[in-house]
Amino acid sequence: MNVIAAAATTSTGEAVQFWILGTVAVIGAFSTILLKKSVHSALSLAGTMVVLAVFYLANGAYFLGIVQIIVYTGAIMMLFLFVVMLVGVTAADSLKETLKGQRWLAVGCGLGFGILLIGGIGNASLSSFNGLGAANALHGGNVEGLANLIFTKYVFAFEITGALLITATVGAMVLTHRERTERAKTQREMSKERVRGKHLPPLPAPGVYARHNAVDIAGLLPDGTPSDLTVMKTLRDRGQIRDVSQEALADLKALEQRSGERLGREDADAVARGANPASAAENSEAAK
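Residues numbered from 1 in each chain as written. Predicted model: local features only at pLDDT ≥ 70, side-chain atom pairs only at ≥ 80, totals over all residues. Heavy atoms only, no water.

(A) A look at the overall build of the chain. Of regular secondary structure, the chain possesses 14 helices and zero strands. Tracing the chain from N to C terminus, the helices and strands come up as α-α-α-α-α-α-α-α-α-α-α-α-α-α. Here the chain holds 288 residues, and 15% of them are scored as buried. At a minimum sequence separation of 6, the contacts of the chain that also span at least 24 residues come to 45%. A total accessible area of about 22500 Å² is found for the chain, and carbon and sulfur atoms account for 66% of it. (Helix = DSSP H or I, 4+ residues; strand = E, 2+ residues; numbered from the N terminus. Buried < 20%, exposed > 50% of the residue type's maximum accessible area, 1.4 Å probe, protein only. Contact = heavy atoms within 4.5 Å. Areas by Shrake-Rupley, 256 points an atom, 1.4 Å probe, with all protein chains shown as cover.)

Now the structure itself:
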């Protein structure tokens, strides 16, 4: 009886830990769905998962706590974070719906799940709280107890889950695989081309002088013409190159005009003569 009473009693340290970490977890959960930037949402979700791992460890579920940190927070969430940072998803992109009505469907599913969760918790009855002490001691520890359940009672469901994960991984590799458009060069061929003076070092980054960072936009040379070396050969062969040189030149002209207006009319004429010396010479001859 004393053991059951001790298990059902919450100490001061446990209460302080729950209220502090629980508040952090709730704030992180709300930040995940309310923040505008995807990177910040991913970081908030990672923080919430770390707090859940601490709760698992405090309640004696050591295996779940370690898995929560290593697998979910350290591997899956960091992978999401790196993908979001590389792809650069913005708030404007997230507002574009690829499937019509998916937001309303998500809201309906969320409300339905909330109703089921509230109904299940409301109808639950717990006469006594035993904790994980007896369950961990039954097989010699928390990890041993989980292993006994996974490989005996739930072995069939565990194997099906593993098969689904492997199938999903292979399917993702097949869908993202692309055939080569040209034969890969051998090391001997690359060495010969390097000795003969062919351009083999890394090419300039695409879109540097075009105010873009897309791989299908060629960088601009100082005279405003696009450089084909800044775009990969595959895109050139496919004709998937966007030319933004005219847009960049128009931006430069607008910038010069705004600078001239700020400097004054006389300085604006000087800027115009410096930008177009031929037209300045024609104007001087017409004045004579």
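(B) Examining the side chain of Ser-44 more closely. If you trace the backbone, Ser-44 turns up in helix α3 (residues 38-58). The buried category is assigned to Ser-44, whose relative accessible area is 16%.

(C) Representation of a nonpolar patch on the surface within the structure. Together, Leu-57, Tyr-62, Ile-66, Ile-69, Ile-70, Val-71, Tyr-72, Ile-76, Leu-79, Phe-80 and Val-83 give the surface a local cluster of nonpolar side chains, amounting to about 950 Å² of exposed area. Top element by residues in the nonpolar patch is helix α4 (residues 62-87). It accounts for 10 residues. Examined against the element boundaries, Ile-69 turns out to sit in helix α4. For Ile-69, a relative accessible area of 34% gives the class partly exposed. (Patch = residues over 30% accessible without salt bridge, like charges linked within 9 Å, V, L, I, M, F, W, Y side chains within 5 Å. Salt bridge = Lys/Arg side-chain N within 4 Å of Asp/Glu carboxyl O.)

(D) Inspection of the packing of helix α2 (residues 12-34) against α3 at higher detail. For the pair α2 and α3, interaxial distance at closest approach is 8 Å and the crossing angle is 150 degrees. One finds that α2 runs roughly antiparallel with respect to α3. Of the two possible hands of crossing, α2 and α3 adopt the one that is left-handed. Contact residues: α2 offers Gln-17, Phe-18, Leu-21, Gly-22, Val-24, Ala-25, Gly-28, Ala-29, Ser-31 and Thr-32, while α3 offers Ser-41, Ser-44, Leu-45, Thr-48, Val-51, Val-54, Phe-55 and Ala-58. For the contact of α2 with α3, the class distribution of residues is 10 nonpolar, eight polar and no charged. (Axes fitted to C-alpha atoms, helices over the stretch in contact; angles between N-to-C directions. Parallel < 35°, antiparallel > 145°, perpendicular 65-115°, else oblique. Left-handed = near helix turned anticlockwise from the far one by under 90°. Nonpolar A, V, L, I, M, F, W, Y, C, P; charged D, E, K, R; others polar.)

(E) Region of interest: the side chain of Asn-142. Within the secondary structure, Asn-142 sits in helix α8 (residues 142-153). Given the relative accessible area of 11%, Asn-142 is considered buried. A distance of 3.4 Å separates a polar side-chain atom of Asn-142 from the backbone nitrogen of Tyr-62. At 3.0 Å, the side chain of Asn-142 forms a polar contact with the backbone nitrogen of Phe-63. If near-sequence neighbours (up to four positions away) are discounted, Asn-142 is found in contact with Gly-60, Ala-61, Tyr-62, Phe-63 and Asn-136. (Polar contact = N/O pair within 3.5 Å; in protein donor to acceptor, adjacent residues only side chain to side chain.)

(F) Structural detail: the pattern of salt bridges. Within this structure, the stated rule accounts for one salt bridge. Residue Glu-189 pairs with Arg-183 through a salt bridge whose shortest N-O separation is 3.0 Å. Accessibility expressed as a relative area gives 59% for Arg-183, which makes it exposed.

(G) Representation of the packing of aromatic side chains. One pass over the full model with this rule turns up three aromatic pairs. Aromatic side chains Phe-18 and Phe-55 sit 6.1 Å apart centroid to centroid with 35 degrees between the ring planes, which places their arrangement in the tilted category. Placement of the pair is Phe-18 in helix α2 and Phe-55 in helix α3, with a sequence separation of 37 residues. Residue Phe-18 is classed as partly exposed on the basis of its relative accessible area, which comes to 47%. Phe-55 gets classed as buried once you look at its relative accessible area, which sits at 17%. Ring plane angle 70 degrees and centroid distance 5.8 Å describe the contact between Phe-151 and Phe-158, whose orientation is recorded as edge-to-face. An aromatic cluster of three or more residues is present, and its members are Phe-18, Trp-19 and Phe-55. (Phe/Tyr/Trp six-rings, centres within 6.5 Å; stacked < 30°, edge-to-face > 60°.)

(H) Region of the structure containing the nonpolar core. Within the largest apolar cluster, five residues are counted, these being Ala-42, Ala-46, Met-49, Met-77 and Leu-81. When residues of this core are traced back to their parent elements, those giving at least two are α3 and α4. If near-sequence neighbours (up to four positions away) are discounted, Ala-42 is found in contact with Met-77 and Leu-81. (Core = buried A, V, L, I, M, F, W, Y, C linked by side-chain atoms within 4.5 Å.)

(I) Structural context of α2. Its 23 residues give α2 an end-to-end C-alpha distance of 33 Å, which sits within 8% of 33 Å, the value for a rise of 1.5 Å per residue. Gly-22, Ala-25, Gly-28 and Ser-31 are the residues of α2 that are buried. (Expected span 1.5 Å × (residues − 1).)

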